[in-house]
Amino acid sequence: MSLSTRRESAMLLQIAVPLAAAYLSEMAMFITTKMVVGKLGYHELATVGIAGNLSFEILVILIGVLSIVGVLCAQAEGGGRKRDAGTAVRQGMLLSAWVGLPATWLVWNMDVVLVWTGQDDTVVELSKGYLRWLSGFILPALWFSVLRYFVSALSRPRAVMVITVAAVAVNWLLTYLLVHGIAGLPEMGLAGAGLATTIVSWLMFLTLLWHIYRTESLRGYGVFSGRWRVEGDVMREIIRLGIPVGGLVLLEAGMFTGASILSGIIGPQTLAAYEIVLSWLGVTFMLALGMAESGMVRVAHAVGRDRMAEARHSGLLAMVLGVLTICALLLVPLVYGDRIIAIFISPEDPGFGAVSALAKGFFIIGALFQVFDGLQCIAARVLRGLKDSVAPLWIAGFGYWVMGIGGGAWLAFGAGMEGYGILWGMALGLITTGVLLAWRFHRLSSRLIRAAAGAPPGTPA
């Protein structure tokens, strides 16, 4: 390994490790919610799974749009333009408010979607109270994401890690107390789980905001001292680049949510098994996401310094490191599947036998495609560091929906494979998307290097 590769690996890990820990902690909050309500029964587990997934899909689509704030901040930092980074943050905060209010209304009324998609009547009824109280988490989560992109672009993500790790314990405690009505609090059931998520989201945002305000080294960026008004050029760039990114995230998250809906159509036991397996796959995805965001920052830094060869090196290295990390975890769901299942559903539950058997089979397929899930995650974000957002959208549309959901639906219902067909379709979609996005970065970064050097288009990089 060359000296430059070792140095770049260290820089990538310096950003990726705290971010991965933070993302794992955020996912752990949702998992702890499932753990608490799952002990109430498989209907409750299925309800929080599908209602939460639909709500979080709305959130991650909007966060995808806002991720361009991180790209602009990283390029500004690479080019030594601190005030431009502060301007990007303020525009991101304003945009978050505009899109967050209608998103809150959508989450409040998400039970209508469950009815439209033919979900179990018990699941629909249980979801109403949960969604009403959960809807308040959208705005603070969006504002927290903008601030997280800002500190990550400056290679200072440790505060995000500390806040999110602490939030896991707070979320578990609040969820447990509010669901069961302990310590003088009302017994709210699933509604209490939604309220706990909302409270914790506000606490996370306010804590990170206070940290940025109180940190002297971050004041030179003018996040708080600049004018809170629309800066047309910056806002238009965020929207222009962010909409295709949001579309890509919609297709990506939509594939998993679509698989959740198809599982629910088959039955609540299949849905509960899918949610258990998805919880494990979320672990490997969050590890990849930490490396993906790190790769995006390093690529954007290099672009800001007009060093395209370094940008290509950072992006390719991020993909290699991320895939190797996930490969090291391939055996976990196969060896410890029983223990993972026991976290979410009690052996005394009448549906335990069927849910457990399905989950074990799903784990085998999930172990296969988790590597490509990580690859597509990293490849999409290093492309984002190059401000390439339209072509990945088309690739995602084909991979996630034509191959993933289309293939999975046919295998599940046309070929009679039911839940196993859905998982095999997802595997096909993720493999296709991961390979195509990685190839896109390879070709595009080579072309940009040649263009920067003034070489003819056909000259090898």
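None of the values given here were measured: they were computed from a predicted structure.

### A few points about the overall build of the chain
Line of reasoning, step 1. Counting its secondary structure elements, the chain contains 16 helices and zero strands.
Line of reasoning, step 2. In summary, the chain has a C-alpha radius of gyration of 22 Å against a globular reference of 23 Å for 461 residues, a match within 12%.
Line of reasoning, step 3. Principal-axis analysis of the C-alpha atoms gives the chain an extent of 65 × 50 × 40 Å.
Line of reasoning, step 4. Counting only residues that meet the buried cut, the chain has 59% of its 461 residues in that class.
Line of reasoning, step 5. Of the accessible surface of the chain, which amounts to about 18,000 Å², a share of 67% is contributed by carbon and sulfur atoms.

### So, the pattern of salt bridges
For side chains of opposite charge, pairing can occur when their charged atoms come near one another.
Line of reasoning, step 1. Overall, the coordinates contain eleven salt bridges when judged by the stated rule.
Line of reasoning, step 2. Here the salt bridges do not stand alone but share partners, grouping Arg305, Arg307 and Glu310 into one network.

### Considering the environment of Tyr130
Line of reasoning, step 1. Summarising the element assignment, Tyr130 is placed in helix 5 (residues 121-134).
Line of reasoning, step 2. With a relative accessible area of 0%, Tyr130 lands in the buried category.
Line of reasoning, step 3. For the pair Tyr130 and Asp111, spaced 19 residues apart in the sequence, the C-alpha separation amounts to 9.7 Å.
Line of reasoning, step 4. If sequence neighbours within four positions are ignored, Tyr130 has contacts with Phe30, Val48, Ala51, Gly52, Leu190, Ala191, Ala193 and Gly194.

### Some thoughts on the confidence of the model for the chain
Line of reasoning, step 1. For the chain, per-residue confidence averages 86 on the pLDDT scale, and residues scoring 70 or more make up 98% of the total.
Line of reasoning, step 2. In the predicted structure, residues 457-461 sits below a pLDDT of 50 and forms five contacts with residues beyond four places in sequence or in another chain.

### Some thoughts on the packing of aromatic side chains
Line of reasoning, step 1. Under the definition given, this model contains eight aromatic pairs.
Line of reasoning, step 2. With a centroid separation of 5.4 Å and 15 degrees between ring planes, the pair formed by Trp172 and Tyr176 is classed as stacked. Placement of the pair is Trp172 and Tyr176 together in helix 7 (residues 158-180), with a separation of four residues, close to one helical turn.
Line of reasoning, step 3. We classify Trp172 as partly exposed; its relative accessible area is 37%.
Line of reasoning, step 4. A centroid spacing of 6.3 Å and a plane angle of 70 degrees characterise the contact between Trp202 and Phe205, whose relative ring orientation is edge-to-face. Residue Trp202 and its partner Phe205 are both found in helix 8 (residues 190-214); the two are separated by three residues, about one turn of the helix.
Line of reasoning, step 5. The exposure class assigned to Trp202 is partly exposed, which follows from its relative accessible area of 32%.
Line of reasoning, step 6. Look at Phe205 and you get buried, because its relative accessible area is 6%.
Line of reasoning, step 7. Joined through ring pairs, the aromatic side chains of Trp143, Trp202 and Phe205 make up one cluster.
Line of reasoning, step 8. The positively charged end of Arg148 is found above the aromatic ring belonging to Tyr149, 6.0 Å away from the centroid.

### Here's the deal with the nonpolar core
Line of reasoning, step 1. One finds Phe150 and Ile276 to be the most contacted residues of the largest nonpolar core, which totals 156 residues.
Line of reasoning, step 2. Beyond its immediate sequence surroundings of up to four residues, Phe150 is in contact with Cys73, Val89, Ile212, Leu218, Tyr221 and Val223.

### Description of unusual backbone geometry
Line of reasoning, step 1. Even without being a glycine, Ser155 presents a positive backbone phi close to 60 degrees.
Line of reasoning, step 2. You can see Ser155 is positioned in the loop between helix 6 (138-153) and helix 7.
Line of reasoning, step 3. Residues other than glycine seldom take positive phi values, yet Lys387 does so here, at roughly 60 degrees.
Line of reasoning, step 4. Assignment of secondary structure puts Lys387 in the loop between helix 14 (352-385) and helix 15 (390-414).
Line of reasoning, step 5. Among the residues examined, Lys387 registers a relative accessible area of 30% and is labelled partly exposed.

### Brief notes about the packing of helix 11 (residues 308-327) against helix 16 (residues 419-453)
Line of reasoning, step 1. Between helix 11 and helix 16, the shortest axis-to-axis distance is 9 Å and the interhelical angle comes to 165 degrees. Judged on the interaxial angle alone, helix 16 and helix 11 are roughly antiparallel. Crossing geometry of helix 11 relative to helix 16 is assigned as left-handed. Contacts between helix 11 and helix 16 involve Met308, Ala309, Ala311, Arg312, Gly315, Leu316 and Met319 from the first element and Ala438, Phe441, His442, Ser445, Ser446, Leu448, Ile449 and Ala452 from the second.

### Regarding helix 13 (residues 337-344)
Line of reasoning, step 1. Within helix 13, the full set of buried residues consists of Gly337, Ile340, Ile341 and Phe344. One face of helix 13 carries all of its buried residues, which in axial projection span an arc of 100 degrees.
Line of reasoning, step 2. Buried residues along helix 13 sit against helix 1 (3-38), helix 2 (42-78), helix 10 (268-304), helix 12 (332-335) and helix 14.

### Details of the side chain of Ser445
Line of reasoning, step 1. Position of Ser445 among the secondary structure elements: in helix 16.
Line of reasoning, step 2. Only 2.9 Å separates the side chain of Ser445 from the side chain of Arg312, close enough to count as a polar contact.

### As for the state of the cysteines
Line of reasoning, step 1. On inspection of all chains with the given rule, the structure shows zero disulfides.
Line of reasoning, step 2. The closest cysteine sulfur to the non-disulfide-bonded Cys73 is located on Cys377, 20 Å from its own sulfur.
Line of reasoning, step 3. There is no disulfide at Cys327, and the cysteine sulfur nearest it, in Cys377, is 15 Å away.
Line of reasoning, step 4. For Cys327, a relative accessible area of 34% corresponds to the partly exposed category.

### Side note on the environment of Val48
Line of reasoning, step 1. Tracing the sequence through the fold places Val48 in helix 2.
Line of reasoning, step 2. Accessibility expressed as a relative area gives 0% for Val48, which makes it buried.
Line of reasoning, step 3. Along the sequence, Val48 and Thr32 sit 16 residues apart, while their C-alpha atoms lie 11 Å from each other.
Line of reasoning, step 4. When neighbours within four sequence positions are excluded, Val48 is seen to be in contact with Phe30, Thr33, Lys34, Val37, Asn53, Tyr130 and Leu190.

### Let's talk about the environment of Ala452
Line of reasoning, step 1. Note that Ala452 resides in helix 16.
Line of reasoning, step 2. For Ala452, a relative accessible area of 61% gives the class exposed.
Line of reasoning, step 3. Note: C-alpha distance between Ala452 and Leu114 (338 residues apart in sequence) is 51 Å.

Quick notes on the rules
Residues numbered from 1 in each chain as written. Predicted model: local features only at pLDDT ≥ 70, side-chain atom pairs only at ≥ 80, totals over all residues. Heavy atoms only, no water. Helix = DSSP H or I, 4+ residues; strand = E, 2+ residues; numbered from the N terminus. Rg over C-alpha atoms; globule rule 2.2 N^0.38 Å. Buried < 20%, exposed > 50% of the residue type's maximum accessible area, 1.4 Å probe, protein only. Areas by Shrake-Rupley, 256 points an atom, 1.4 Å probe, with all protein chains shown as cover. Salt bridge = Lys/Arg side-chain N within 4 Å of Asp/Glu carboxyl O. Contact = heavy atoms within 4.5 Å. pLDDT = per-residue confidence, 0-100. Phe/Tyr/Trp six-rings, centres within 6.5 Å; stacked < 30°, edge-to-face > 60°. Lys NZ or Arg CZ within 6 Å of the ring centre and 35° of its normal. Core = buried A, V, L, I, M, F, W, Y, C linked by side-chain atoms within 4.5 Å. Axes fitted to C-alpha atoms, helices over the stretch in contact; angles between N-to-C directions. Parallel < 35°, antiparallel > 145°, perpendicular 65-115°, else oblique. Left-handed = near helix turned anticlockwise from the far one by under 90°. Arc of directions from axis to C-beta. Polar contact = N/O pair within 3.5 Å; in protein donor to acceptor, adjacent residues only side chain to side chain. Disulfide = S-S within 2.5 Å.

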